[in-house]
Amino acid sequence: LLLGNRNFDQRIEEMGNEYGLDTSEALEYVLTHEMGHAAGIEKEVDNETFLKEYFTKRASEYRVQLQKAKQEGNTDLMSSLAEPLKRYHRLAQVAGSRAKLGEDVLKGKQPIYKK
């Protein structure tokens, strides 16, 4: 069962602003995060670690394709691969940053910034 907040769009936009992601990146991040939970990853830090690995793997796949396109001199393909590579690199960075926050912060039991 996947439930959504009635302010889902606003929450996605806020997350994007907080982490420097555009709306589509933030949406992909949140949905992938929730699918991690649906797949059985219960702890938030474990899920964020999984996301970092997943998004890093996606970026690597695009990097390999980009290198091949460079070798072939295919500038159109190079151009189309550059943005997804950057996207997945950004998403991996967000997941890595979030994993370092700790379980209590990610569950909202402790503030992100201590006063």
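Only a predicted model underlies this, so the values are computations on that prediction, with no experimental measurement involved.

### Here's the deal with a negative patch on the surface
Part 1 of the reasoning: Together, Asp 9, Glu 13, Glu 14 and Glu 18 give the surface a local cluster of negative charge.
Part 2 of the reasoning: Counting through the fold element by element, Glu 18 comes out in helix H1 (residues 8–19).

### Digging into the environment of Met 78
Part 1 of the reasoning: For Met 78, the location among the structural elements is in helix H4 (residues 75–99).
Part 2 of the reasoning: Taking C-alpha positions, Met 78 is 8.3 Å from Gln 65, a pair spaced 13 residues apart along the chain.
Part 3 of the reasoning: Ignoring sequence-local partners within four residues, the contact set of Met 78 consists of Leu 66, Ala 69 and Lys 70.

### Considerations on the side chain of His 33
Part 1 of the reasoning: Here His 33 shows up in helix H2 (residues 23–38).
Part 2 of the reasoning: Within the local environment of His 33, its side chain forms a polar contact with the side chain of His 37, the two groups lying 3.0 Å apart.
Part 3 of the reasoning: Side-chain polar atoms of His 33 contact the side chain of Glu 44, separated by 3.1 Å.
Part 4 of the reasoning: Ignoring any residue separated from it by four or fewer positions in sequence, one finds His 33 in contact with Glu 44, Asn 47, Glu 48 and Leu 51.

### A few points about the pattern of salt bridges
Part 1 of the reasoning: Scanning all chains against the criterion turns up 5 salt bridges.
Part 2 of the reasoning: Note that Glu 61 is salt-bridged to Arg 58, the shortest N-O span being 3.5 Å. On the criterion of helical spacing, the pair formed by Glu 61 and Arg 58 is a turn pair, its members being 3 residues apart in helix H3 (residues 44–72).
Part 3 of the reasoning: Classification of Glu 61 by relative accessible area gives partly exposed; the value is 34%.
Part 4 of the reasoning: Among the ionic pairs, Glu 83 bridges to Arg 90, the shortest N-O distance being 3.0 Å.
Part 5 of the reasoning: Within the structure, one salt-bridge network assembled from shared partners comprises Glu 25, Glu 83 and Arg 90.

### A few points about the packing of aromatic side chains
Part 1 of the reasoning: Counting across every chain of the model gives 5 aromatic pairs.
Part 2 of the reasoning: Here Phe 50 and Tyr 54 contribute two aromatic rings whose centre-to-centre distance is 6.2 Å and whose plane-to-plane angle is 20 degrees, an arrangement assigned as stacked. With Phe 50 and Tyr 54 both in helix H3 and 4 residues apart, this pair spans about one turn of that helix.
Part 3 of the reasoning: Between Phe 55 and Tyr 88, the aromatic rings sit 6.1 Å apart at their centres with planes inclined by 25 degrees, giving stacked as the arrangement. Within this pair, whereas Phe 55 is found in helix H3, its partner Tyr 88 is found in helix H4, the two being separated by 33 residues in sequence. Summarising the burial analysis for this pair, Phe 55 and Tyr 88 share the class buried.
Part 4 of the reasoning: Here a set of aromatic residues connected by ring pairs shows up, and it is made of Tyr 29, Phe 50, Tyr 54, Phe 55, Tyr 62 and Tyr 88.
Part 5 of the reasoning: Positioned above the aromatic ring of Tyr 88, the side-chain terminus of Arg 58 is 4.6 Å from the ring centre.

Calculation notes
Residues numbered from 1 in each chain as written. Predicted model: local features only at pLDDT ≥ 70, side-chain atom pairs only at ≥ 80, totals over all residues. Heavy atoms only, no water. Patch = residues over 30% accessible without salt bridge, like charges linked within 9 Å, V, L, I, M, F, W, Y side chains within 5 Å. Areas by Shrake-Rupley, 256 points an atom, 1.4 Å probe, with all protein chains shown as cover. Salt bridge = Lys/Arg side-chain N within 4 Å of Asp/Glu carboxyl O. Lys, Arg positive; Asp, Glu negative; His and termini not counted. Charge placed at Lys NZ, Arg CZ, Asp CG, Glu CD. Helix = DSSP H or I, 4+ residues; strand = E, 2+ residues; numbered from the N terminus. Contact = heavy atoms within 4.5 Å. Polar contact = N/O pair within 3.5 Å; in protein donor to acceptor, adjacent residues only side chain to side chain. Buried < 20%, exposed > 50% of the residue type's maximum accessible area, 1.4 Å probe, protein only. Phe/Tyr/Trp six-rings, centres within 6.5 Å; stacked < 30°, edge-to-face > 60°. Lys NZ or Arg CZ within 6 Å of the ring centre and 35° of its normal.

Function cannot be read off these values alone, since they describe shape.
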